[in-house]
Structures are given as C-alpha cells and as structure tokens.
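Given next are the chains, with one letter for each unit.
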Amino acid sequence: MPKKFLRAAALALPLALLLSACAGTAPEPGASSAAPESTGPVKIGVVGAGDAYWTTYKEAAAAEGIEIELVDFSEYTQPNPALSAGELDLNQFQHVIYLATYNVNASDDLVPVGATAIYPLGLYSTKYASVGDIPAGETVAVPNDESNQARGLLVLQSAGLVELQDGGSPFSTVADVLDTSKVKVEALDAAFTATSLPDVAAAIINNDFVEDAGLTFADAIATDDPSDPNALPYVNIFAARAEDAENPTYQKLVEIYQNTQEVLDGVQEASGNTAVLVKTPVADLLTSLHEVEDDIRANQ
C-alpha cells in the first residue's frame with residue numbers, strides 16, 4: 001500500500017501491523033467470456049478515490065457491463081467494518097497483513113479476492129552502488145518501529161545481507177539476525193535512518209523520508225522482492241466477505257484491474273513509479289492471510 005498507509009497503519013494498529021477465489025491468476029486479456037450480469041452498482045471502498053486511475057477503472061468496468069460506485073473513506077480503519085456490515089461489496093486499500101490484523105481483532109473473516117501491487121520498502125546507500133558492493137561486517141540501519149523493522153529485515157534477507165531466525169516473519173526484530181549474516185544491523189528511529197547514511201553502509205528508509213533526504217525512489221539498491229514468499233503479506237488486495245469469495249462479477253473486476261493497461265499506468269503514476277504490479281494467485285494470498293492470522297494470535 002502507498003506510503004501514507006504505512007505511516008497511518010503503524011499509528012492506528014498495534015504490533016500485528018507490521019500495510020476467482022482459490023482460482024489463481026486472473027486470465028489474460030481476451031481469455032475471458034462476456035462480463036457477468038450485474039443487477040446494480042458494485043460498491044468498492046477505497047481511500048483516495050481522487051486518484052485519476054479510479055475514473056479509468058470505472059470506465060473500463062462500464063465497458064464490460066459492470067457499474068462501479070466508489071465509496072471514499074478518510075481513515076484506513078473504516079473500509080473493513082463497512083464491508084463486513086454489507087455497506088460495501090468490495091474494498092481495495094490494504095495489504096494482507098492489515099487484513100489479517102483486522103480479522104483477528106474483529107473476529108471477522110474477510111478474504112482477499114485479487115492482488116494489485118506491492119509498494120516497496122527500499123534499501124539506500126550513498127557509499128555503494130549495489131548490494132554486492134557492501135563489504136562483509138559493515139553496518140546497515142533499519143527503522144526501529146515494529147512493522148517497518150520486520151519488513152526492512154526481510155528486504156535485507158532477500159538481498160542476501162542477513163539471515164533471520166526461522167527464515168524471518170512479519171514479526172522479526174534485530175534480535176533475530178543470525179551471527180552468520182554478512183552485515184551487522186542497527187535499529188534507529190525511522191526519521192533518522194536517512195540521515196545515518198554517511199555513517200553506515202546502507203539504510204532501509206521509509207517512503208515518507210526518501211525524498212526529504214534528497215533521494216529518489218529510483219536510488220534504492222534493493223526493495224521487496226515480489227517473488228519472495230516473505231513479501232506475500234505486503235501484497236495489496238481486493239477484499240470481500242467470505243461468502244462472496246467466488247462471485248463472478250467481483251472476479252471479473254479483479255481481472256479488469258489487473259489487465260487494463262491504462263489503469264496500471266495510472267497506478268504507477270499515482271505511486272511515483274514505485275508500485276510493483278502483481279497477479280499473485282488468490283490461493284497464495286489466502287494461505288498468507290491465514291498464516292499471518294495464526295502468527296498474530298500467537299504473538300498476542
């Protein structure tokens with residue numbers, strides 16, 4: 001989810017935050033049959049309906065015979081309860097970890113019905129041009145807040161800089177960095193990881209602070225790897241009530257989002273070209289959701 005979510009979610013939720021059902025990837029353009037019949041507008045809850053790509057998406061859906069009504073929310077805590085209460089048909093604003101946290105805390109069972117994108121967390125350096133250039137024994141900084149620290153450590157592990165106890169999880173901390181790791185890791189306040197760059201080999205920098213530090217997102221030497229199973233909890237999703245998981249209209253809407261180039265271009269523009277667009281199979285999203293829910297319960 002975009003950078004504003006990561007900050008808002010970290011403040012709004014506790015430790016657990018960190019940010020066709022079971023039918024796999026939506027078919028490619030031209031592979032689907034006629035659009036399913038719609039008896040009325042499909043209400044989709046979002047945060048940031050003013051982004052231009054939503055207009056493009058509504059037009060693409062209308063061309064397939066599906067009317068969309070966007071319901072805009074100002075707070076990230078609102079769309080899931082509204083979906084559960086039947087005020088919405090779908091929502092699209094959150095990643096798997098956020099949904100898992102909501103489900104556990106609210107004793108709910110909302111489910112992902114399609115993937116959209118990962119909004120990466122990046123590793124930056126002013127000393128080294130690539131991860132491979134970082135010498136063994138150097139120090140890398142990560143944010144010290146629980147959600148971003150775990151995610152940052154997973155980025156470092158994916159980049160081959162650290163090894164984490166039990167392979168890492170959305171709840172990993174610096175204490176889980178194994179002695180066999182290539183680099184040492186220091187946890188700093190998220191606002192200071194960027195300013196630490198002169199003193200460390202590299203730093204995980206929250207999206208909120210990248211441009212303030214005079215960097216661009218393109219300067220990142222490593223980010224979340226969407227193909228890494230550890231990145232699955234950070235995939236943003238369309239969510240529905242469990243009983244609607246196989247609704248053909250909702251599956252068609254996921255397909256339209258994933259396969260309409262004008263929509264994808266708009267998502268990239270709105271994200272500052274940082275979004276990593278994905279078509280993660282729904283079965284994998286569900287597996288990740290249930291695993292994170294189990295982890296949250298175990299850590300409560």
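Let me sum up the structure you'll find in this document. (Residues numbered from 1 in each chain as written. Predicted model: local features only at pLDDT ≥ 70, side-chain atom pairs only at ≥ 80, totals over all residues. Heavy atoms only, no water.)

## Looking at empty space enclosed by the protein
Within this model, the largest cavity holds a volume of roughly 60 Å³. Lining the largest cavity, in full, are Arg151, Leu154, Val155, Ser158, Asp224, Asp225, Asp228, Asn230, Ala231 and Tyr234. (1 Å grid on protein atoms, 1.4 Å probe; cavity = no way out; pocket = protein on both sides within 12 Å on 5 of 7 lines; lining within 4 Å. Points joined across faces, edges and corners; volume = space filled by probe spheres on them.)

## What about the pattern of salt bridges?
A side chain with one charge may pair with a side chain of the opposite charge, provided their charged atoms come close. Here the structure, examined in full by the defined rule, presents six salt bridges. Between Lys252 and Glu64 there is a salt bridge, with the nearest N and O atoms lying 3.9 Å from each other. Pair noted here: Lys252 is in helix H7 (residues 248-259) and Glu64 is in the loop between helix H2 (52-63) and strand S2 (68-72), with a separation of 188 residues, a long-range link. With relative accessibility at 7%, the residue Lys252 sits in the buried group. Given the relative accessible area of 33%, Glu64 is considered partly exposed. Asp294 is the salt-bridge partner of Arg297, the closest N and O atoms lying 3.3 Å from each other. Residue Arg297 and its partner Asp294 are located together in helix H9 (residues 282-299), separated by three residues, close to a single helical turn. The partly exposed category is assigned to Asp294, whose relative accessible area is 48%. (Salt bridge = Lys/Arg side-chain N within 4 Å of Asp/Glu carboxyl O. Helix = DSSP H or I, 4+ residues; strand = E, 2+ residues; numbered from the N terminus. Buried < 20%, exposed > 50% of the residue type's maximum accessible area, 1.4 Å probe, protein only.)

## Some points on the sheet that holds strand S8 (residues 184-188)
Reading across from one edge, S8-S7-S9-S6-S10 is the order of the five strands in this open sheet, with mixed pairing throughout. Two strands lie at the open edges of the sheet, namely S8 and strand S10 (222-223), each paired on one side alone. Judged from the two bridges that link them, strand S6 (residues 122-124) and S10 form a sheet pairing that is antiparallel. Looking across to S10, one finds that Gly122 is bridged to Thr223. Contacting S6, strand S7 (139-143), S8, strand S9 (202-205) and S10, helix H5 (residues 146-158) runs over the sheet at an angle of about 145° to S7. (Pairing = 2+ DSSP bridges. Contact = heavy atoms within 4.5 Å. Axes fitted to C-alpha atoms, helices over the stretch in contact; angles between N-to-C directions.)

## Concerning H7
Its twelve residues give H7 an end-to-end C-alpha distance of 16 Å, which sits within 8% of 16 Å, the value for a rise of 1.5 Å per residue. Most of H7 is tucked away, with eleven of its twelve residues classed as buried. The N-capping residue of H7, defined by a side-chain oxygen 2.8 Å from the backbone nitrogen of Thr249, is Asn247. (Expected span 1.5 Å × (residues − 1). Polar contact = N/O pair within 3.5 Å; in protein donor to acceptor, adjacent residues only side chain to side chain.)

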